[in-house]
Amino acid sequence: MDITALRTNHPEHWMRAAAIRTLTLDAVQAANSGHSGMPMGMADVATVLFEKHLKFDASAPNWPDRDRFILSAGHGSMLLYALLHLTGYADMTLAEIRNFRQWGAKTAGHPEYGHAAGIETTTGPLGQGIANAVGFAMAEEIQRARFGAKLVDHHTYVIAGDGCLMEGISHEAMGLAGRHELSKLIVFWDNNDITIDGKVSLSDRTDQVARFRASGWDVQEIDGHDPEAIDAAITAAKKTAQPSMIACKTHIALGSSAQDTSKGHGALTDATLIADTKEAYGWTAGPFEVPAEVKHSWEAIGRRGAEARTAWESRLAAMNARKREDFTRAYDREVPARLTAVIRALKKQISESAPSVATRKSSEMVLEVVNPVMGETVGGSADLTGSNNTKTGDLGVFDIDNRAGRYVYWGIREHGMAAAMNGMALHGGIRPYGGTFMCFTDYARPAMRLAALMRIPTVFVMTHDSIGLGEDGPTHQPVEHLAISRATPNTMVFRPCDTVETAEAWELALTTKETPSVLSLTRQNLPTLRTQHRPRNLTAQGAYVLADATAKRQAILLATGSEVEIAMAARDLLEAEEIGTRVVSMPCWELFEDQDEAYRRRVLPAGPVRVAVEAATRFGWDRWLYGQGGKREKSGFVGMDGFGASAPAEVLYEQFGITAQAVADKVKALLA
């Protein structure tokens, strides 16, 4: 592409865009790693968006009614970092740009939420950003319906590349946005026809324009280097009643000798290439230097939204006090003062009535008292509403004609659901939870990992959590999934044994501000084991003594979820033979790990033999069987060592040897 005409016809725009390109070249060269080509190719689109359309104030980066800008093509992170620096975000200094990809820098290789203001989400795993954006746009719709357009009225803009659109999650995201007519969602497709391996045609022939149109999107095709065409397209997109995709035909690594090649995707570090490219740009400033007039023009763009922001603050201050308090409380991730009281009341009621229900039903019982109190909860299910028990009568269904609805029918889209829930949590003011079968955490896994990495409190409700689901067989019976979730840093995995523990788990999941939660819930009915009401949240300790030995303590049984009932029955068998047995319920390993050493020793003292029982693989249990004063030769495990089978649940437990008698026999063998 001949860039001379662009430089000549739009000189001020050109210099602003060139500042993005040259900072990218300098930072990638200094780091000797990174991705130069995408920021160079999409700088014109980003410049027009920030200059003429994006509603933001660099001095107030967390303004709730700002437009959101999401770089789904996260490998081009220098595009975002350059924009934040140029527009005057306080923590995106030139020193941070110089330290691109270095230890301790805010400018990580891919944008990381929480590192610097203006980074709305962590991207890099391709497709996640566009799916997050669906959640952002849904959150905006829900909050606008709840609080009014004077308080909530903003757009979500996304830059996505060919890689984002090849990933399967993009199809889930597109379908959701089109179905729900998320008109304030605008996606720019960086249509440069290049991937790492070469031309897109090496691996794909999809007509992306037709694909988006088929999903219910408004689509425009433009020259991604023509600022007038870009401006007109964004203006038109903001007027449509559908989500918008603007296909921007661009040249990767624009103006360099690597333009339109796969080499241009990666790190352009050759000194001659960089010098020649800057000469083609008409850029005479030194490395990491931006001419004062160019920087000042960018800083003026960063201040452009200040007036709108202060007007919004006045409207917030003039709101009804109760409504204002609800709004700010939700954005601060604070729970209503009544939450603890309603949880305790439910626990007391359950302890007294002692129902035998599946913990998925227990979860529904909790949500029935929580959702009316917490107006910011938004629930949903991946086409398993009746199985996950995630819908309560007060929520209403989110739809085109009911934006105030707080329940989302996600369809068979576990990955899209999980990523969109992350987007809701990141947007602010929403507490999302959604359900599927525990086995299908496999489909949601990338988004679950990112929730942990971003430190956001998304709640993943995973039912049918063991062979206890029965006849659906090993394709649906999770055995390794608890271990996978427990192995993920900054994740709380709850496997409650009854309704009381389920209520406590929900209280913890809803009150944490920086940790996602996985609720592992049963299909089969379980008895109420906590029949003596305790106001204190015992699940918050991670593990506790559910029943102690009456005879001299010789054994400790450790169990979670549906197997706590089995451990209690085994205790009865052992106590009948005067083998004193303690049962420890362990609903959340991570919280038990957080307790002080003295408490853990009180729960798991040295001396007695230890047997763990869980209808899952053993992986991870040795931490509690051998550690904390335990010994290998005095410990055992009753559970799964392979996949399940298709049969009624009670038959499966018997055939796989997960029974009270098997647990008792294991203890006696260790004592022999």
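Residues numbered from 1 in each chain as written. Predicted model: local features only at pLDDT ≥ 70, side-chain atom pairs only at ≥ 80, totals over all residues. Heavy atoms only, no water.

(A) Region of interest: the overall build of the chain. For the chain, the count of helices and strands is 27 helices and 20 strands. Scaling as 2.2 N^0.38, a compact globule of 672 residues should have a C-alpha radius of gyration of about 26 Å, and the chain matches this with 28 Å. Each principal axis of the C-alpha distribution contributes one length, and for the chain these read about 95 × 55 × 45 Å. Residues classed as buried in the chain amount to 62% of the 672 residues present. (Helix = DSSP H or I, 4+ residues; strand = E, 2+ residues; numbered from the N terminus. Rg over C-alpha atoms; globule rule 2.2 N^0.38 Å. Buried < 20%, exposed > 50% of the residue type's maximum accessible area, 1.4 Å probe, protein only.)

(B) Spatial organisation of the packing of aromatic side chains. Going through the model one piece at a time under the given rule, you end up with 18 aromatic pairs. Between F212 and W217, the ring centres sit 4.9 Å apart and the planes meet at 85°, which makes this aromatic pair edge-to-face. The class for F212 is buried, based on a relative accessible area of 0%. With a relative accessible area of 3%, W217 lands in the buried category. Between W312 and F327, the ring centres sit 6.1 Å apart and the planes meet at 55°, which makes this aromatic pair tilted. Taken together, the residues W312 in helix α13 (residues 306-317) and F327 in helix α14 (residues 321-331) connect sequence positions 15 residues apart. With a relative accessible area of 3%, W312 lands in the buried category. A relative accessible area of 2% places F327 in the buried class. (Phe/Tyr/Trp six-rings, centres within 6.5 Å; stacked < 30°, edge-to-face > 60°.)

(C) Structural view of the sheet that holds strand β14 (residues 517-520). Spatially, β10-β9-β11-β12-β14-β13 is the arrangement adopted by the six strands of the open sheet, whose pairing is parallel. Every interior strand has two partners, whereas the edge strands, β10 (407-409) and β13 (492-494), have only one. Strand after strand, the sheet turns through a mean of 20° between neighbouring axes, direction not considered. Relative to strand β12 (residues 459-463), strand β11 (residues 431-437) is paired through five bridges, and the arrangement is parallel. Residue pairing for β12: F437 is matched across the bridge by T463. Seen against the sheet, helix α21 (residues 499-511) touches β9 (377-381), β11, β12, β13 and β14 and runs at an angle of roughly 130° to β11. (Pairing = 2+ DSSP bridges. Axes fitted to C-alpha atoms, helices over the stretch in contact; angles between N-to-C directions. Contact = heavy atoms within 4.5 Å.)

(D) Seen up close, helix α16 (residues 359-370). The terminal C-alpha atoms of α16, which comprises twelve residues, lie 16 Å apart, in line with the 16 Å expected from a rise of 1.5 Å per residue. Across the twelve residues of α16, nine count as buried, placing the element largely inside the fold. (Expected span 1.5 Å × (residues − 1).)

(E) Representation of the environment of G561 in the model. Assignment of secondary structure puts G561 in the loop between β17 (553-559) and α22 (563-576). Given a relative accessible area of 0%, G561 falls into the buried group. Sequence separation between G561 and S466 is 95 residues; the distance between their C-alpha atoms is 9.8 Å. Non-local contacts of G561, meaning those with residues more than four positions away in its chain, are made with R495, P496, C497 and L526.

(F) Representation of the pairing of strand β6 (residues 218-223). Strand direction decides the pairing type here: β6 and strand β7 (residues 244-249), joined by six bridges, are parallel. Residue I222 lies in a different strand from β7, and its bridge partner there is C248.

(G) Representation of the packing of helix α6 (residues 128-147) against helix α8 (residues 168-179) within the structure. Between α6 and α8, whose axes approach to 8 Å, the crossing angle comes to 20°. When the axis of α6 is compared with that of α8, the two are roughly parallel. The way α6 lies across α8 gives a crossing that is left-handed. Each of Q128, I130, A131 and V134 in α6 lies in contact with α8, whose residues at this interface are I169, S170, A173, L176 and A177. Its residues placed into classes, the contact of α6 with α8 shows seven nonpolar, two polar and no charged. (Parallel < 35°, antiparallel > 145°, perpendicular 65-115°, else oblique. Left-handed = near helix turned anticlockwise from the far one by under 90°. Nonpolar A, V, L, I, M, F, W, Y, C, P; charged D, E, K, R; others polar.)

(H) Summary view of the sheet that holds strand β1 (residues 68-71). One open sheet accounts for five strands, arranged β1-β2-β3-β7-β6; its pairing is parallel. The sheet is open, and its two edges are formed by β1 and β6, each paired on a single side. The average undirected angle you get between the axes of adjacent strands in this sheet is 20°. Alignment of β1 against strand β2 (residues 156-161), held across four bridges, turns out to be parallel.

(I) Representation of the pattern of salt bridges within the structure. For the coordinates displayed, the defined rule picks out 34 salt bridges. With a shortest N-O distance of 2.8 Å, E140 and R144 are connected by a salt bridge. Of the two residues, E140 and R144 both sit in helix α6, four residues apart, roughly one turn of that helix. We classify R144 as partly exposed; its relative accessible area is 21%. As a salt-bridge pair, E577 and K668 come within 3.1 Å of each other at their nearest N and O atoms. With E577 in the loop between α22 and β18 (580-585) and K668 in helix α27 (residues 660-671), this residue pair connects regions lying 91 residues apart in the sequence. Given a relative accessible area of 45%, E577 falls into the partly exposed group. (Salt bridge = Lys/Arg side-chain N within 4 Å of Asp/Glu carboxyl O.)

(J) Representation of the environment of R406 in the model. Here R406 shows up in the loop between α17 (385-388) and β10. We classify R406 as buried; its relative accessible area is 11%. Put simply, R406 and M374 are 32 residues apart on the chain and 11 Å apart in space, counted from C-alpha to C-alpha. Beyond its immediate stretch of four places on either side in the chain, R406 contacts N371, M374, G375, T377, V378, G379, D394, L395, G396 and F398.

(K) Looking closely at the pairing of β14. Side chains of β14 alternate between two faces, with S517 and L519 and V518 and S520 buried alike. Summarising the sheet, β12 and β14 pair through four bridges and their orientation is parallel. Residue V461 lies in a different strand from β14, and its bridge partner there is L519. With three bridges connecting them, β13 and β14 associate as parallel partners. Within the sheet, the bridge partner assigned to M492 lies in β14 and is S517.

(L) Representation of helix α10 (residues 227-237) in the model. Among all positions in α10, only P227, I230, A233, I234 and A237 are buried. One side of α10 carries all its buried residues, which in axial view fall inside an arc of 125°. At the N-terminal end of α10, a side-chain oxygen is found 3.0 Å from the backbone nitrogen of E228, two or three residues along, and the residue is D226. (Arc of directions from axis to C-beta. Polar contact = N/O pair within 3.5 Å; in protein donor to acceptor, adjacent residues only side chain to side chain.)

(M) Structural context of the nonpolar core. Counting 67 residues, the largest nonpolar core has F50, F69, L79, F188, I246 and W298 as its most contacted members. Considering every element that reaches this core, the biggest residue donor is helix α2 (residues 11-31), with ten residues. In this view, F188 contacts M42, V45, L49, Y157, V158, I159, A160, I234, I246 and C248; residues no more than four positions away in its chain are not counted. The next biggest cluster of nonpolar side chains, apart from the first, holds 57 residues, and it includes L176, W217, A247 and I456. (Core = buried A, V, L, I, M, F, W, Y, C linked by side-chain atoms within 4.5 Å.)

(N) Here's a closer look at unusual backbone geometry. Unlike most non-glycine residues, D193 shows phi in positive territory, near 65°. On the secondary structure map, D193 appears in the loop between β3 (185-191) and β4 (194-195). With a phi angle near 55°, H464 is a residue other than glycine that sits in the positive phi range. The residue H464 is located in the loop between β12 and α20 (481-486) in this model.

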